[in-house]
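Observations on the model geometry
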Amino acid sequence: MTATPLLPRNAPFLPEDIELLNKVVARTTPQQRSWLAGFFAGFEAAQSGGMVQPVPAAKPRAPLTILYASESGNSEALATKAKKAAQKHGLDAKVFDMADADMALLAKSKNIVVFAATWGEGDPPARAVDFYQALMSDAAPRIDGVKFAVLALGDTAYAQFCAVGKAIDQRLEELGGVRSFDRVDLDLDYAKKAAEWTEGALAKLAPEDAAAGGTVVHVDFGAALPHLEDDEPRYTAEQPLEAEIAALVNLNGSGSTRETWHAEFAFDDPAFTYQPGDAIGLFPENDPALVDDLLQAVGLGSEAALLLKLQKSYDVTTLSRALVDNYAKLTGRADIKALLEGEAYPKFAADRQLIDLFLAYPEKLTQDQLVGLLRPLPGRLYSVASSLKAHPGEAHLLVGAVRWESHGRVRKGVSSTFLGERRKAGQNARIYVKPNRHFRLPADGHTPIIMIGAGTGVAPYRGFVEERVADGAKGKSWLFFGERNFTNDFLYQLEWQDYLASGDLTRIDVAFSRDQPEKIYVQHRIWEKRAEINAWLQEGAHIYVCGDEKGMAKDVDATLVKVLAEPLKGDEEAGRAKLKELTKAGRYQRDIY
Amino acid sequence: MTDKRSKNEFIKEQSHQLRGTLAEGLLKVETGAIAEDDQQLIKFHGSYIQDDRDVRGERGKKKLEKAYSFMIRLRIPGGVVTPKQWIGLDTIASTYANGTMRLTTRETFQFHGVIKSNLKRTMQSFNAICLDTLAACGDVNRNVMTAANPHLSKAHKLAYDLGKSVSEHLLPRTGAYHEIWLDGEKVEDASRPAKKDEEPIYGVHYLPRKFKVVVAVPPDNDVDIYAHDLGYIAVVEKGELVGWNVTVGGGMGMTHGDVNTFPRTADLLGFCKPEQAIAVAESVVTVQRDWGNRENRARARLKYTIEDRGLDNFREEVEKRLGFKFEKPRPFKFTGTGDKIGWRQTLDAKKASDKAWHLTLFVENGRIKDKPGYSLRSALREIAELGICDFVCSANQNVILANVSAKAKPKIEAIFKAHGVSLDVSSGLRRNAMSCVALPTCGLALAEAERFLPDLVTALEESLDRAGLKDDDIVIRMTGCPNGCARPYLAEVGLVGRNPGLYNLYLGAAFNGSRLSKLYAQDVDKQRIVSLLEPLFIAYSKEREDGEHFGDFTIRSGVVKATPAGNQFHADVKLV
């Protein structure tokens, strides 16, 4: 990964200076280079003017409220970027998480830009639910004449694509707002289009005379280098890192009904940094057998170059309304178009994938036509299972292999079987960092932590405990872990045993659902231990929940409400309020998928 | 002077009558194991910790500890189980264990694969059907075997009654079992805790080693009386049981490469009257408690006490404690150790039409499970649900459906037929084949046994076929280690595991279980076993005398020297 552009030999410097400069430049990040560019621009300007000038405070700046509703952090990152960009448009922008915002904020805003993610089956992100409901309710304030623009994020794999962004867009208009820039609905490959949209939206909102204010690069001589960890990572989905898979082990014992891969990625670049709680993105490759089936289905032979292209770069599994629409248009077939009418689509799409569409409505396609239908293959996010301090130059992931059968075909999770079947230790894969500011260890190492996870949801806690050991943090810790069978599914069992023995993990409780006639899940253990949990909370404990929403997080949430309600005479409303309080205080953090 | 007692003596001494830290250990949810000392103590509660040795290699790599689970052995004196209990056991097998029930070589059941988090509920499930596991393992009197099937004759019933009484009399009195497993719950049986934690018979150190008692009714020696610490032989005169010939000092276990350890056939101690039998058991046990070797566990069984102190001294001490002397042994004769597979009727003279039927069902290696085309477990459950017979576990890993009316006979036959279970056995060798569990669960196993013996028998059946001996009864037994759970040293063909795939081959034991075998070949694999045995089978077929058994033939024809006593086991060995 040393694709960094170097100074050319004909640069106006002495050869030895070029060498020296190259040494420094080679180590820089894009941020550092643009800082340098800005610095010298500003420096020259200051020289010519005789003194260092901050960016001209051009006229009175227009206020801008940037609101985001984020689950995985994508909207949040876009909002943060937009705030920076707003500056040069003469906008005085403030960024708000819907989790912390209320209707009063809306009422006093003059210009609003919204970045809204849609989660699961058309739901707002968990932390944004209260704001969203208030906005949709009769109690929402009028915002007559307020200019707004909405960017919606979603995933075309889900039926209710961008539903939340669409609803907010419509609602702001109903409340009297003026749409200054048309909404855009973006899929997983949103980065480039989002940047363009943000530019366009900000330009529309900018005060008339600020547009000329221009091209001066602002150099903040007082500020430190951008904080890479909590800001934009060096390696992103757009610019991933090629890392070596140093170890790849299925942690489940023989005879397990599960297959959970522990993958250790190794890299040399110290700029690849992450914190426990962050997600690591992994770019998988498709199953070549499936790609081959797909090519056969549309009458394209197994042409090696095309096969490889689709295998590496295109999403060949996801079926979406947009894709069906495009396929209908391309083929001109009425029966395909009919799939989009009424309830036909969800009925057809249930448990089906792209291959099923091609097999059910076979048509011959050209290479270009086929590729034109496909979206780029998105990366998959996994909570990092390691601490960089414990494993310098490594990132560990815990990936559950997904396989199922539907409509007579064996289906394979693209990314999970990429690791489980199509990669071996020693081979490479592309990874990147996706910071998750809302799933972080407490700043104070003495704060007790309660970690609740089922299955691969235990991953971030391995990172947490490793980090605390590396930091010498002495706070108490308590792990609740759930899976199917004790003997074969106790992920990282030996490590937890060591941490218990050393005192680095204070307590553990486990729930194995299939070891006995009745199902036992983590929420049952949480309820059994409610008195101690409340005692830990009294001591300021933070609670973490990681795992899937339907299978676990929902039930754990409901149980925690009851646990908190118990000292409050069992009043569940009060328990819920208490849990909300903990959420606001950052003491109840969830990483849900 | 330093205390030279073995480690286990200290564990017992400090255990607070078998409690140790078992209760605490059950609460440690991060591990499927229990503390090291508790692993010794839990044996007294009828359980061993084991691990799946098939997967040992992968576990560490997967960041998993060994695949621990527990074997639980029941205490069923005489092996008698009611239909209701059978249904309960069958349910436990699929709910908490590995889906199988394993008939042992000592008239009881073992359940394998119970994980720690289910141990307590499994114990409670046994308790709910009035069964317990107390003292099924450990340095105490283990399950008492009696001549199979108390319904077979009056003498069998009296043998069963004696066995049951001995078992109850020698049961540990500690409350540990009830505290740990049953939450102090009360049940009306003999394992109920005494008011005070004391062990009038065992004391705080219990016995130096395990102790096994059997009761035989000649001419059957199905309980293998010579392999046991204490035995009673029913003496029936004029149709009435007049008393018991008492045997002591039998035992199987030895250590490879240590000639100071050896299997030993029991000696006759004397004759006692029926009302003296319990007192005899207690005195034999207390002498062994006081005289037994507590420094070297490999020489701690009663057989070595008698070997070292002499039978006469031992008898004298027992008589001193009893306050009476044994009478001279009465004559008796044993004909064989095997079970009579198939239907038979009650022996006692009665009107023939009133006589109940008993079906001895051959169960290969004692493993009761369903497999495709042969659903033995389901068949037995179905029969149990009809409630038309008692179940009796035999000492040969078979099960007897006892006390069946003539009317119910065809029902039972039909159920077996429907489940693909034949009442016939493919050969006389298989009929008399027995093996211990060994791999993958037994921690002691050096080689396969249960998973290998059926294949070996199949291979040998071809040789027997060629020799024309397919239907002849020849006793073959295999164990995965020299401890001898399947009593291999009393088999006409004995195989004891030494290394994976390699066995020591012993020949020359008596068919009726009264004489030990002799080592014939060392470290032989399957092919070599077959090639060594086939010519012997052929010679036997051609040269045997009338009624001569294979074991006797190998001695008469000089294949191996006879082993007249345990201390001669390692003598006169000439390997092929």
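Keep in mind that this is a model prediction, so the values were computed, not measured.

Thoughts on the overall build of chain B
If you tally the helices and strands in chain B, you get 17 helices and 22 strands. Taking 25 Å as the expected radius of gyration for a compact globule of 576 residues, we find that chain B reaches 23 Å, a close match to that expectation. For chain B, the C-alpha atoms occupy an extent of roughly 65 × 60 × 55 Å along the three principal directions. Here chain B holds 576 residues, and 52% of them are scored as buried.

Here's the deal with the overall build of chain A
Across its full length, chain A holds 22 helices and 18 strands. Each of the 593 residues in chain A was classed as buried or not, and the buried ones make up 40%. Counting contacts in chain A only where the partners sit at least 6 residues apart, residues at least 24 apart contribute 76% of the total.

Observations regarding the pairing of strand β7 (residues 213-216) of chain B
Within a regular strand, the side chains alternate between the two sheet faces. All names here are of chain B. Side chains Val 213 and Val 215 of β7 all project onto a buried face; the interleaved residues Val 214 and Ala 216 project onto the opposite face, where all are buried too. Bridge count for strand β6 (residues 145-146) against β7 is two bridges, and the pairing is parallel. From the neighbouring strand, Met 145 faces β7, where its bridge partner is Val 214. For β7 and strand β8 (residues 230-237), the ladder comprises four bridges, and the chain directions are parallel.

Structural notes on the interface of chain B and chain A
Quoted interface sizes are often the accessible area lost when the parts come together. Counting from both sides, the interface comprises 17 residues of chain B and, opposite them, 21 residues of chain A. Elements that contribute at least two residues to the side of chain B that touches chain A include exactly α4 (56-59) and α6 (116-128) of chain B. Class assignment for the residues of the side of chain B that touches chain A results in five nonpolar, five polar and seven charged.

Structural notes on the nonpolar core
Ile280(A), Leu397(A), Ile450(A), Met451(A), Ile452(A) and Leu401(B) are the most contacted members of the largest nonpolar core, which has 241 residues in total. Sort the elements by how many residues they give to this core and helix α21 (residues 549-565) of chain A lands first, with seven residues. Counting 50 residues, the second largest nonpolar core, distinct from the first, contains Tyr68(A), Ala86(A), Ala116(A) and Val146(A).

Points about the sheet that holds strand β1 (residues 62-69) of chain A
Each strand in a sheet pairs with its neighbour through backbone hydrogen bonds, running either in the same direction (parallel) or in the opposite one (antiparallel). Residues and elements named next belong to chain A. If you walk across this open sheet you meet the five strands as β2-β1-β3-β4-β5, and the pairing is parallel. Each edge of the sheet is formed by a strand with only one pairing partner; in this case those strands are β2 (91-97) and β5 (178-186). Neighbour to neighbour, the strand axes of the sheet diverge by 15° on average, direction disregarded. With seven bridges connecting them, β1 and β2 associate as parallel partners. Each bridged residue has a counterpart across the sheet, and for Ile 66 the counterpart in β2 is Val 95.

With respect to the sheet that holds strand β15 (residues 477-483) of chain A
All names here are of chain A. Reading across from one edge, β16-β15-β14-β17-β18 is the order of the five strands in this open sheet, with parallel pairing throughout. In the strand order of this sheet, the two ends are held by β16 (507-512) and β18 (588-592), each with one partner. Pairs of neighbouring strands in the sheet enclose a mean axial angle of 10°, with direction left out of account. Here five bridges tie strand β14 (residues 449-454) to strand β17 (residues 542-547), and the two strands are oriented parallel to one another.

Notes on the packing of helix α9 (residues 277-291) of chain B against helix α11 (residues 311-322) of chain B
All names here are of chain B. Relative to each other, α9 and α11 sit at 125°, their axes nearing to 9 Å. When the axis of α9 is compared with that of α11, the two are oblique. In this structure, the crossing between α9 and α11 has a hand that is right-handed. For the pair formed by α9 and α11, the contact residues are Ala 279, Val 280, Ser 283, Val 284, Thr 286 and Val 287 on the first element and Phe 314, Glu 317, Val 318, Arg 321 and Leu 322 on the second. Here the contact of α9 with α11 is composed, by residue class, of seven nonpolar, two polar and two charged.

Describing the confidence of the model for chain A
Residues and elements named next belong to chain A. For chain A, mean pLDDT is 89; residues scoring 70 or higher make up 89% of the total. Note that pLDDT drops below 50 for residues 1-5; the model gives that stretch six contacts with residues more than four away or on any other chain. Within the model, pLDDT remains below 50 along residues 50-58, and this stretch shows eleven contacts once partners closer than five positions in the same chain are excluded.

A short note on unusual backbone geometry
All names here are of chain B. Residue Pro 219 is reached from Pro 218 by a cis peptide bond, and omega for that bond is 10°. Here Pro 219 lies in the loop between β7 and β8. A cis amide bond, omega 10°, links Leu 439 with the succeeding residue Pro 440. Note on placement: Pro 440 falls in the loop between β18 (433-435) and α15 (453-467). Of note in the backbone geometry, Asp 523 takes a positive phi value of approximately 50° without being a glycine. With 13 C-beta atoms counted inside 10 Å, the residue Asp 523 sits in the partly exposed group. Phi angles above zero are rare outside glycine, and Asp 572 is one such case at about 55°. By the element assignment, Asp 572 lies in the segment after α17 (550-556). Owing to 12 C-beta atoms within 10 Å, Asp 572 belongs among the exposed residues under this scheme.

Here's the deal with the packing of helix α5 (residues 83-95) of chain B against helix α12 (residues 376-386) of chain B
Residues and elements named next belong to chain B. One way to put it is that α5 packs onto α12 with a least axis distance of 8 Å and a crossing angle of 145°. In this structure, the crossing between α5 and α12 has a hand that is left-handed. In contact with Pro 83, Trp 86, Ile 87 and Asp 90 of α5, α12 contributes Arg 377, Leu 380, Arg 381, Ala 384 and Glu 385. Classifying every residue of the contact of α5 with α12 by side-chain character gives five nonpolar, no polar and four charged.

Overview of the pairing of strand β10 (residues 394-400) of chain A
All names here are of chain A. Across the seven residues of β10, six count as buried, placing the element largely inside the fold. When strand β7 (residues 260-266) meets β10, the two strands line up antiparallel, connected through seven bridges. Looking at the pairing, Thr 260 lines up with Gly 400 of β10.

Thoughts on the environment of Pro362(A)
All names here are of chain A. By secondary structure assignment, the location of Pro 362 is in the loop between α13 (354-360) and α14 (367-373). Among the residues examined, Pro 362 registers 13 C-beta atoms within 10 Å and is labelled partly exposed. Note: C-alpha distance between Pro 362 and Asp 92 (270 residues apart in sequence) is 54 Å.

What to know about helix α16 (residues 459-471) of chain A
Residues and elements named next belong to chain A. With 13 residues, α16 extends 19 Å between its outermost C-alpha atoms, agreeing within 8% with the 18 Å of an ideal straight helix rising 1.5 Å per residue. In terms of residue burial, α16 counts as a mostly covered element, since ten of its 13 residues are buried. Buried within α16 we find Ala 459, Pro 460, Tyr 461, Arg 462, Gly 463, Phe 464, Val 465, Glu 466, Glu 467 and Arg 468. One or two positions beyond α16, positive phi appears at Gly 472, with a value near 70°.

Cut-offs applied
- Residues numbered from 1 in each chain as written.
- Chains lettered and ligands numbered in written order.
- Predicted model: local features only at pLDDT ≥ 70, side-chain atom pairs only at ≥ 80, totals over all residues.
- Helix = DSSP H or I, 4+ residues; strand = E, 2+ residues; numbered from the N terminus.
- Rg over C-alpha atoms; globule rule 2.2 N^0.38 Å.
- Buried ≥ 20, exposed ≤ 12 C-beta atoms within 10 Å, placed from the backbone.
- Contact = placed C-beta atoms within 7 Å.
- Pairing = 2+ DSSP bridges.
- Nonpolar A, V, L, I, M, F, W, Y, C, P; charged D, E, K, R; others polar.
- Core = buried A, V, L, I, M, F, W, Y, C linked by C-beta atoms within 7 Å.
- Axes fitted to C-alpha atoms, helices over the stretch in contact; angles between N-to-C directions.
- Parallel < 35°, antiparallel > 145°, perpendicular 65-115°, else oblique.
- Left-handed = near helix turned anticlockwise from the far one by under 90°.
- pLDDT = per-residue confidence, 0-100.
- Expected span 1.5 Å × (residues − 1).

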